[in-house]
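Descriptive analysis of the structure
This is what each chain is made of:
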Amino acid sequence: MRYWRVERRPAEGLLDFGRTLELMAAIGHADVNAVAGAILKTVSTAAPIAQCTIFAYEFGNRPRTVAVADRRGGRFLQDIAESYARHYYALDGNQRVIAPVPGLKIDPAIVLHQQASDEIDHPGYRAACYQKPNVSDRLSLLVQPAGDIWLSVNFYRDSSQGQFQPGEIAAIETLSPLFAHAVKHHYGLKGQATQGVAPMMLARLRQHCPALSKRELDVLRCVLEGLTAAEIADIMGVQPSSVITYQKRAYKRLGVSSQRQLFALCMAPAPA
């Protein structure tokens, strides 16, 4: 498992002009998965890729699936992406890069993160997100379009294709500025409009209490969206009693004792 900053360089000789136009046309497309499909076709000029997902990590919350593309078609990859976002994202090695740091300025760099199946210690994460979809290796392009927001474009290798080779990684790295600009513009057109009120309110809560854990933030987000403990438990894959425990811990950290006080704190001025 490793990550590194991309040294920008021209992509001469790697770009198919028709596929590049298709990628540009997919930005802001009504079909939510069009941009991932266009990226998958374009990156295939550099290396064999089986699947592509795009996630948005906003304000320390669990990620949202922006788009997916799978050469097999169907909902299979969409279901895998939802499982990752619900249960396993906090175990991802990319958290070393994208975990929010209060007061950190936006980093314009593009970061690549590689994570192979045999590098994952957690058996549930490895089984659900690598073994079940028959993935041997993943290369992620990470870019930050705004403070406390990261986007990841993920390329997955089928087990029959083995792990990424150095020459393939270099070719994808050369194309990465194109993909980074595409997903940033797509997110600006289509992604931010779907954030809703809860993520913005959570950002305010994190300002009040940076010590809130990811699980506590997940529960608070659902509480702000009006979900019951049973509904939250189903989303997070835990027992309702665990949801109540996370909620009590979060309330104690924030110094509130009710949902009404929680909403009031979200509306309060940010601490100096």
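Everything numeric in this text was worked out from a predicted model, so none of it was measured.

1. Considerations on the pairing of strand E6 (residues 149–158)
Regular strands place side chains that alternate from one sheet face to the opposite one. Taken across its ten residues, E6 has ten buried, putting it largely inside the fold. With burial as the criterion, each face of E6 is covered, one bearing Ile-149, Leu-151, Val-153, Phe-155 and Arg-157 and the other bearing Trp-150, Ser-152, Asn-154, Tyr-156 and Asp-158. Once strand E5 (residues 135–146) ends, the chain turns through two residues before running back antiparallel as E6, passing Asp-148 with a positive phi of about 65 degrees.

2. Quick look at the sheet that holds strand E2 (residues 51–58)
Read from one edge to the other, the open sheet built from six strands follows the order E1-E4-E5-E6-E2-E3, with strand pairing classed as antiparallel. Edge positions in the open sheet fall to strand E1 (2–5) and strand E3 (64–70), since each of these has one partner strand only. Neighbour to neighbour, the strand axes of the sheet diverge by 15 degrees on average, direction disregarded. Here E2 runs beside E3; their pairing, made up of six bridges, is antiparallel. Considered in E3, the bridge of Cys-52 is made with Ala-69. Strands strand E4 (111–116) and E5 of the sheet are contacted by helix H5 (residues 123–131), whose axis makes an angle of about 90 degrees with E5.

3. Regarding the side chain of Arg-157
Here Arg-157 shows up in strand E6. Residue Arg-157 is classed as buried on the basis of its relative accessible area of 3%. Separated by 3.3 Å, the side chain of Arg-157 and the backbone oxygen of Pro-48 make a polar contact. A polar contact of 2.8 Å, which involves the side chain of Arg-157, links it to the backbone oxygen of Gln-161. Residues contacting Arg-157, with those up to four places away along its chain left out, are Ala-47, Pro-48, Ile-49, Asn-134, Val-135, Ser-136, Asp-137, Gly-162, Gln-163, Phe-164 and Glu-168.

4. Thoughts on the pattern of salt bridges
Evaluation of the coordinates by the stated rule reveals seven salt bridges. With a closest N to O distance of 3.2 Å, Glu-22 and Lys-41 form a salt bridge. Here the residue Glu-22 occupies a position in helix H1 (residues 17–26), and Lys-41 occupies one in helix H2 (residues 34–43), the gap between them amounting to 19 residues. The class of Glu-22 is partly exposed, set by a relative accessible area of 34%. Asp-79 is the salt-bridge partner of Arg-75, the closest N and O atoms lying 2.8 Å from each other. Where salt bridges share partners, they join Arg-75, Asp-79 and Glu-82 into one cluster.

Calculation rules
- Residues numbered from 1 in each chain as written.
- Predicted model: local features only at pLDDT ≥ 70, side-chain atom pairs only at ≥ 80, totals over all residues.
- Heavy atoms only, no water.
- Buried < 20%, exposed > 50% of the residue type's maximum accessible area, 1.4 Å probe, protein only.
- Helix = DSSP H or I, 4+ residues; strand = E, 2+ residues; numbered from the N terminus.
- Pairing = 2+ DSSP bridges.
- Axes fitted to C-alpha atoms, helices over the stretch in contact; angles between N-to-C directions.
- Contact = heavy atoms within 4.5 Å.
- Polar contact = N/O pair within 3.5 Å; in protein donor to acceptor, adjacent residues only side chain to side chain.
- Salt bridge = Lys/Arg side-chain N within 4 Å of Asp/Glu carboxyl O.

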